[in-house]
Amino acid sequence: AAGGAMRLSLAAKDGSAVSVLDIKGTNALDMGLNTGLTGDPVSTFPTFTADSILTITVNGASHTMDLFDSAASPAAPIITSMEEMADLINTRFQGQDIRAEVIADGTDKRLVLWSPKGYLFEVSGAAAADIGFPPGNDQSGQNIGFMPSVTGTTDLRGLTTFTAGDALTIAVNDAMSTTETITIGGWTPQQAVDLINSNTNLQNAGILASINSKGQLVIQSKSETTFTVTGAGNAAADIGIPAAGIDSSAPPAAGQLGPFNQTVTQRTGNNVKNVDFFGVIDQLISTVEGGNVDGISDIMLTKLDHWMNTLLKTRAQVGALTNRYNTTESRYIANNTAYEELHSQTVGVDLAETITQYEMASSIYEASLASIARIMQATLLDFLR
């Protein structure tokens, strides 16, 4: 909750992008969770002409698709249905940066686009309106719930501590006109983030600080209240926030979080070590070689215990799945044997022998019928004689 208003937040445990879009209705759009584009309903698919071009811009690159083949004889549209349109887009992007799907809306059809990687994207071109995307159709046009934010331009991953005298002043445009100056000189980037997030007044104003996947300092307003951040000391160089300040209400060049429509963790060789077992082993080797006894006892042993528990749980799960697989395999083998036997009994019959047996049975049956007929011919007079 922020300022008496309730907010819903969705996130993947591993930091991957989360795609949320409306299939029917506008619930995701109304709650500010929409991360895709849902086209307007199209009742009759258009007939494309020589100027029918569709452009999708994603992650700084524009992909243009010509929907009409002028070189064909006769010249004709390449795409003739909404399903073919989705197939063309999926083929162009190989299901990576952009995905497309067709959904039914009564008798009409809608084209839905989203980015599995969480990228911001835009649809344009002469054919965009024909398939349900009028001019200016990007995700911000569908009210994605971005929080007002300020992002420093400096990569802090190589910085040990901030220069003495560095400070940030955060002025929030709320009812209390909250203004706080945070002195970060001498602190590490993560400690500076903790200082901002632990400030009670900034907490009440809904201000949240973090470091994004590019190593930049990001300050956001969970309450959607705009604010201004100004730097003091050497903050302009250390953080990338000048003394003149940055207004959170200023529209960013590529969305609130760079090329992404949400906070996304990009896996690198560095952060894989924190989630990969072999990375932990590498850290242990480095700690032992460095003679860091405290690091081994206080940190590495805890990590190893965690991974041992994880391995034991995984081993138990694999064992259970293996037993289930073996049981299923045995059942399939038994069924196959029974089916082969039944098939052999049904198909592998000696036809000549079967016909002979049939003829013999038929002769016996006919003889039986003749005998019964003679017996039935006797009357009462026959017995009186």
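Fair warning: this is a prediction, and the values are worked out from it, not measured in the lab.

A.B. asks: So what's going on with the overall build of the protein? Which residues, and what values?
C.D. replies: When its secondary structure is counted, the protein shows ten helices and 16 strands. A sequence separation of at least 24 residues applies to 56% of the contacts in the protein between residues at least 6 apart. Surface accessibility of the protein: about 23,300 Å² in total, with carbon and sulfur atoms responsible for 55%.

A.B. asks: Please provide a residue-by-residue account of the sheet that holds strand E6 (residues 99-105), values included.
C.D. replies: Strand order in the open sheet formed by three strands is E1-E7-E6, with antiparallel pairing between adjacent strands. With one partner strand each, in any of the chains shown, strand E1 (37-38) and E6 form the two edges of the open sheet. Pairing geometry for E6 and strand E7 (residues 108-114), over seven bridges, is antiparallel. Bridge pairing in E7 links Val102 to Leu111. Against the sheet, helix H2 (residues 82-93) contacts E6 and E7, and its axis sits at roughly 165° relative to E6.

A.B. asks: Pulling in residues and values, what's your account of H2?
C.D. replies: Each full turn of the α-helix corresponds to 3.6 residues, which orients residues three or four apart in the same direction. The terminal C-alpha atoms of H2, which comprises twelve residues, lie 17 Å apart, in line with the 16 Å expected from a rise of 1.5 Å per residue. Along its buried surface, H2 packs onto strand E2 (53-58), strand E3 (61-66), E6 and E7. Of the residues one or two after H2, Gln94 is the one with positive phi, at around 55°.

A.B. asks: Please provide a residue-by-residue account of the confidence of the model for the protein, values included.
C.D. replies: The predicted model of the protein averages 78 in pLDDT, with 80% of residues at 70 or higher. Summarising per-element confidence for the protein, the mean pLDDT is lowest in helix H6 (residues 269-272) (49) and highest in strand E12 (residues 179-183) (93). Scored below 50 in pLDDT, residues 140-146 makes 18 contacts in the model with residues more than four places away or belonging to other chains.

Reading the values: rules and limits
Position numbers for residues start from 1 in each chain and track the written sequence from start to end. Owing to the predicted nature of the model, reporting of local features is limited to residues with pLDDT of at least 70; listing and counting of side-chain atom pairs is limited to 80 or more, with chain, interface and lining totals taken over all residues. Computation of side-chain values covers all heavy atoms of the structure but excludes hydrogens and water. The way it works is that DSSP assigns letters per residue, a run of H or I at least four long becomes a helix, a run of E at least two long becomes a strand, and they are numbered from the N terminus. Any pair of residues with heavy atoms lying within 4.5 Å of one another is described as a contacting pair. Areas reported here follow the Shrake-Rupley algorithm with a probe of radius 1.4 Å; residue values treat only the protein chains shown as occluding. Any two strands are treated as partners once DSSP identifies two or more bridges connecting them. Axes here refer to lines fitted to C-alpha atoms; in helices the fit is confined to the stretch in contact. Angles between the N-to-C directions go from 0 to 180 degrees. Under the convention used throughout, the expected extent of a helix is 1.5 Å for every residue step, that is, one less than its residue count. pLDDT is a per-residue confidence score from the predictor, ranging from 0 to 100.

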